[in-house]
Amino acid sequence: MSQERPKKLYGLAAEFTTTPGIYHAAEKVKDAGFRWFDCLVPFPVHGLDRAMGVKMTILPIIVFCAGVTGFIAACCLQIFTNSLEVDLWALVPVVGYQFDVSGKPLLGPAAFVPVAFEMTVLFSALTAVFGTLILNKLPMFYHPTLKHPALARATDDRFFLVIEARDPKFVRSEVEAFLHTLEPESIIELDA
Amino acid sequence: MKVADINNDHLRLSGIAKKAGPALAGVGAAFLGLSAALGSGEWTTFWKSYLFAWMVAVGIALGAMFFVLLQHMTRSGWSISVRRLAEAIAKNLKWMWVLFLPILIMVLKGEGDLLYQWGNAQLMEHDHLLHKKATYLSPTFWSARAVFYLVVWAVVASLYFKWSTAQDADGDVKWTHKMQKWAPICMILYAFTQSYAAIDWMMTLQPKWFSTMFPVYFWSATMAGFFASIILLARYLQKTGHVQKSITTEHYHDLGKWLFGLGVVFWAYIAFSQYMLIWYANLPVETGWYITRQLGGWASISLLLLFGHFLVPFLLLITRWTKRWRCTLPVIAAWMVLMFFVDIYWLVFPVIPETAIAEASSYNELANLVSSGEVSVGYGFTLVNFTCVIGMFALLCGGTLINLRSCNLVASADPRLDEALHFENA
């Protein structure tokens with residue numbers, strides 16, 4: 001007989017059957033001062049993130065900065081390669097590939113725009129994709145809420161509110177009593 | 001499906017907004033009369049100003065028609081709250097053709113050269129390229145096409161207004177089906193007529209010049225004009241106490257996105273694409289159009305468009321809060337309406353005589369001729385430029401408010417109204 005390791009508590013989940021149920025529960029949990037809690041719902045519930053007090057993501061700002069970086073990088077690259085002519089430390093002459101293309105000026109901003117545009121889009125798009133993954137801690141191969149069989153219904157017809165044990169206000173007995181006041185269908189204990 | 005009850009949301013125009021319609025229309029007519037008085041003698045200036053004003057007004061109305069058709073094509077739910085406003089703007093097309101009659105009569109009378117260089121029969125006869133275009137640009141064919149466009153727009157715009165308001169009365173879903181059924185056909189008609197109207201009325205001002213991107217450019221310009229206008233109209237109606245619940249922050253946010261996407265970004269994309277191809281190819285027959293806009297005073301107007309129509313609004317509208325906050329969006333929208341005026345002004349006014357391009361041996365020579373004033377590129381402001389466009393825009397606003405007097409301000413019996421009232425931008 002294998003010896004069971006002592007189980008560590010991940011958190012407590014309250015089960016709700018309706019969207020108003022979880023919506024108002026989320027408001028109360030937020031107002032009670034909990035920070036580490038989450039809602040598991042089978043479909044997007046409008047306004048739930050506001051009820052939970054979830055802040056706007058900073059992803060747009062990161063993406064904007066990445067776009068600006070891409071734009072500047074593209075401009076520098078093109079100006080450097082096309083029309084640069086400087087003496088580095090006054091000794092080493094550095095000259096770009098000064099191709100004369102149908103008599104256009106070497107420093108022709110109109111020709112630089114498409115590349116600058118594409119680089120802006122490329123930097124922004126890659127940052128958006130990978131930024132989303134990183135901010136959401138993805139890919140994630142294991143999550144404690146995936147383990148309990150009852151929580152599988154979060155993909156079907158049940159709404160769960162999970163208060164995690166790492167929350168500074170988490171005292172097991174108090175949280176359990178508090179969750180009871182929200183009148184859930186049931187309260188489930190989640191192992192880490 | 002349950003239809004939301006918004007009947008107590010001040011759906012009927014009342015108070016000052018009700019009186020404003022006829023007043024604005026009166027002001028508009030007075031300004032147009034004043035323009036005719038100011039313009040007599042200087043008929044070339046007058047006709048240019050009149051065409052500019054006409055393109056501004058018809059551009060906004062056509063943008064509204066496009067929006068209405070698109071919402072039905074895509075079966076959109078979010079836009080029900082503001083669709084009636086677009087329908088009312090578009091319905092101006094039912095009578096707007098009257099304002100085109102002066103231009104039509106002038107061209108048919110054989111005085112077209114006051115406005116269009118192709119109106120000069122001698123020029124058309126002696127220039128090979130223009131001679132080849134003479135059939136397309138003959139006053140009769142040109143006028144026949146114009147009549148066709150105007151009839152199509154009048155019919156489509158008034159039918160959609162009629163069907164939509166008929167649904168207010170009986171709440172029958174068959175109107176929705178009907179509007180959706182006809183939307184693709186009307187959209188194709190719209191695309192053809194507006195494209196050719198842009199070519200006929202504005203591109204031929206420089207008769208040898210051609211750009212297949214020009215109609216799209218005009219379209220994206222009208223998108224800026226229309227979405228900015230509808231934001232202002234919605235704000236005006238709410239300020240005067242109407243439709244407080246029916247139009248929400250979410251609708252402003254979405255209209256702001258449209259303004260940002262089509263009126264600012266897509267506009268810049270098309271403007272630059274057109275510019276870059278002509279710049280790269282460097283063909284004399286094409287570059288003349290841009291040379292005109294890079295010389296003399298027009299250079300600063302071009303830069304104003306680059307910054308005022310693209311860079312600054314791009315940075316202002318890119319964030320979420322500027323589109324949602326009711327203090328910022330209408331201000332940006334008002335600025336964009338102004339920029340739409342400047343844009344159309346920039347399209348219509350700079351014209352260089354085709355003979356001057358043909359005779360100049362180099363760009364520098366042409367530039368010198370322009371800067372010394374020997375060749376006119378049509379730069380300079382006169383009072384008529386402003387009175388015409390103020391008059392026409394006031395008529396458009398007045399007409400819109402008059403159209404709204406006869407109906408609910410929201411398509412209150414649309415089966416998807418619930419969706420419009422409750423949707424949220426994630």
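A quick note: this is a predicted structure, and the numbers were derived from the prediction, not measured.

### Regarding the overall build of chain A
- Looking only at helices and strands, one finds 5 helices and 6 strands in chain A.
- Listing each helix as α and each strand as β along chain A from the N terminus yields β-α-β-α-α-β-β-α-β-α-β.
- Computed over the C-alpha atoms, the radius of gyration of chain A is 27 Å, more than 25% above the 16 Å expected from 2.2 N^0.38 for a compact globule of 192 residues.
- By its C-alpha atoms, chain A is 80 × 45 × 30 Å across when sized along the principal axes.
- Across the 192 residues in chain A, those meeting the buried criterion constitute 28%.
- Looking at chain A as shown, the accessible area adds up to about 12800 Å², and 65% of this sits on carbon and sulfur atoms.
- The centroid of the 16 positive side-chain charges in chain A is displaced by 5 Å from the centroid of its 20 negative side-chain charges.

### Details of the packing of helix α9 (residues 214–239) of chain B against helix α17 (residues 383–405) of chain B
All names here are of chain B.
- Between α9 and α17, the least distance of the axes is 13 Å, while the angle of their chain directions is 55°. Taken together, the axes of α9 and α17 are oblique relative to one another. In this structure, α9 crosses over α17, and the sense of that crossing is right-handed. Contact residues: L233, Y236 and L237 in α9; T400, L401 and L404 in α17.

### What about the interface of chain A and chain B?
- On the side of chain B, 11 residues touch chain A, which itself brings 12 residues to the contact.
- Across the chain A to chain B interface the summed buried area is about 1000 Å²; carbon plus sulfur atoms make up 74%.
- Scanning the region where chain A abuts chain B turns up 1 salt bridge.
- Residues E424 of chain B and R50 of chain A are paired through a salt bridge, measuring 2.8 Å at the closest nitrogen-oxygen approach.
- On the surface where chain A and chain B come into contact, there are 3 residue pairs in polar contact (both at pLDDT 80 or more).
- For the side of chain A that touches chain B, the element with the highest residue contribution is helix α4 (residues 109–135) of chain A, accounting for 5 residues.
- Of the residues that constitute the side of chain A that touches chain B, the class distribution is 8 nonpolar, 2 polar and 2 charged.

### Structural notes on the confidence of the model for chain B
- On average, residues of chain B score 93 in pLDDT, and 99% of them are at 70 or above.
- If you check the scores for this complex, the pTM reads 0.91 and the ipTM reads 0.83.

### Looking at the sheet that holds strand β1 (residues 9–16) of chain A
Residue and element names in this part refer to chain A.
- An order of β2-β5-β1-β6 is seen for the 4 strands of this open sheet, with the pairing classed as antiparallel. The sheet is open, and its two edges are formed by β2 (37–40) and β6 (186–191), each paired on a single side. Within the sheet, the average angular offset between the axes of one strand and its neighbour, ignoring direction, is 25°.
- Bridge count for β2 against strand β5 (residues 159–164) is 4 bridges, and the pairing is antiparallel. The residue of β5 that forms the bridge with D38 is V162.
- With respect to the sheet, helix α1 (residues 19–31) is in contact with β1, β2 and β5, its orientation differing from that of β5 by roughly 15°.

### Looking at the domain arrangement of chain A
- Taken as a whole, chain A is organised into domain 1 (9–55 + 158–191) and domain 2 (59–135).
- Each of domain 1 of chain A and domain 2 of chain A has a C-alpha centre, and these two points are 48 Å apart.

Quick notes on the rules
- Residues numbered from 1 in each chain as written.
- Chains lettered and ligands numbered in written order.
- Predicted model: local features only at pLDDT ≥ 70, side-chain atom pairs only at ≥ 80, totals over all residues.
- Heavy atoms only, no water.
- Helix = DSSP H or I, 4+ residues; strand = E, 2+ residues; numbered from the N terminus.
- Rg over C-alpha atoms; globule rule 2.2 N^0.38 Å.
- Buried < 20%, exposed > 50% of the residue type's maximum accessible area, 1.4 Å probe, protein only.
- Areas by Shrake-Rupley, 256 points an atom, 1.4 Å probe, with all protein chains shown as cover.
- Lys, Arg positive; Asp, Glu negative; His and termini not counted.
- Charge placed at Lys NZ, Arg CZ, Asp CG, Glu CD.
- Axes fitted to C-alpha atoms, helices over the stretch in contact; angles between N-to-C directions.
- Parallel < 35°, antiparallel > 145°, perpendicular 65-115°, else oblique.
- Left-handed = near helix turned anticlockwise from the far one by under 90°.
- Contact = heavy atoms within 4.5 Å.
- Buried area = accessible area lost by both parts, 1.4 Å probe.
- Salt bridge = Lys/Arg side-chain N within 4 Å of Asp/Glu carboxyl O.
- Polar contact = N/O pair within 3.5 Å; in protein donor to acceptor, adjacent residues only side chain to side chain.
- Nonpolar A, V, L, I, M, F, W, Y, C, P; charged D, E, K, R; others polar.
- pLDDT = per-residue confidence, 0-100.
- Pairing = 2+ DSSP bridges.
- Domains from an automatic or database assignment.

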